[in-house]
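Summary of the model geometry
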Amino acid sequence: MLGAEEPGIGDADEITSATADLSRAGSGGAPALRTEFAFQLPRGYLDDDGVLHRSGVMRLATARDELLPLYDARVQENPAFTTVVLLSRVITELGTLSSVSASVVERMFASDVAFLQDLYRRINAEGHTHAAVVCPSCQHHFVVDISGGRLGES
């Protein structure tokens, strides 16, 4: 997995800097391209055996990932199904499941699908999984990693 570790959480300037050049690798100090992002589902996918799967990995989407669902009969019948097919293509790991199919994504809780849609948008459009937030009690500004890669984050 290329660039598997997320930059540490710090102040906004540190995150901006870490996001801008993720990590330096190889000769010439070119930025390493991070293609996979670990996540922790807010609720988790409950399989047929009653096993809860929460941790997973999503990879960057390719043009093919975004085009192929358009030829899927389920998507042609119901365009809303595009999200299900697309997520099933880019989620490479989910708990101990051997694969993530469209039927797995269909059976996820709506809050987990919404979380995955937001993660997809962030890593494919914005290139990072950080979000600036403000504490509602003390108004302190800080940055969180929404991929939920560490205990207690989601």
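Summarised in this report is the structure supplied together with it. (Residues numbered from 1 in each chain as written. Predicted model: local features only at pLDDT ≥ 70, side-chain atom pairs only at ≥ 80, totals over all residues. Heavy atoms only, no water.)

Time to look at the overall build of the protein. When you go through the protein residue by residue, the secondary structure sums to six helices and five strands. Counting from the amino terminus, the protein carries its helices and strands in the arrangement α-β-β-α-α-α-β-α-α-β-β. Within the protein, the fraction of its 154 residues that count as buried is 34%. Counting contacts in the protein only where the partners sit at least 6 residues apart, residues at least 24 apart contribute 54% of the total. For the protein, the accessible area works out to roughly 9000 Å², and carbon and sulfur atoms hold 54% of it. (Helix = DSSP H or I, 4+ residues; strand = E, 2+ residues; numbered from the N terminus. Buried < 20%, exposed > 50% of the residue type's maximum accessible area, 1.4 Å probe, protein only. Contact = heavy atoms within 4.5 Å. Areas by Shrake-Rupley, 256 points an atom, 1.4 Å probe, with all protein chains shown as cover.)

All chains considered together, the criterion is met by six salt bridges. A salt bridge links Arg121 to Asp118; its shortest N-O distance comes to 2.5 Å. Here Asp118 and Arg121 lie together in helix 6 (residues 110-126), a separation of three residues that amounts to about one turn. Take Arg121: its relative accessible area is 37%, and that puts it in the partly exposed class. Between Arg122 and Asp118 there is a salt bridge whose closest N-O contact spans 3.2 Å. Of this pair, Arg122 and Asp118 both sit in helix 6, four residues apart, roughly one helical turn. Residue Asp118 is classed as partly exposed on the basis of its relative accessible area, which comes to 26%. Put simply, Arg59, Asp65 and Arg89 are held in one network by salt bridges that share partners. (Salt bridge = Lys/Arg side-chain N within 4 Å of Asp/Glu carboxyl O.)

Before going further, it helps to spend a moment on the side chain of Asp112. Tracing the backbone shows Asp112 in helix 6. Buried and unpaired, Asp112 has Arg43 as its nearest opposite-charge partner, separated by 5.9 Å. Beyond its immediate chain neighbours, meaning those up to four positions away, Asp112 contacts Leu41, Pro42, Arg43, Gly44 and Tyr45. (Lys, Arg positive; Asp, Glu negative; His and termini not counted.)

In a beta sheet, neighbouring strands pair by backbone hydrogen bonds and run either parallel or antiparallel. The sheet built from three strands is open, its strands ordered 1-2-3 with antiparallel pairing. Since the sheet does not close on itself, it has two edges, and those belong to strand 1 (36-46) and strand 3 (91-94), each with one partner. Neighbouring strand axes in the sheet, compared pairwise and without regard to direction, differ in orientation by 25° on average. Pairing geometry for strand 2 (residues 52-59) and strand 3, over three bridges, is antiparallel. Note on strand 3: the bridge partner recorded for Gly56 is Leu94. (Pairing = 2+ DSSP bridges. Axes fitted to C-alpha atoms, helices over the stretch in contact; angles between N-to-C directions.)

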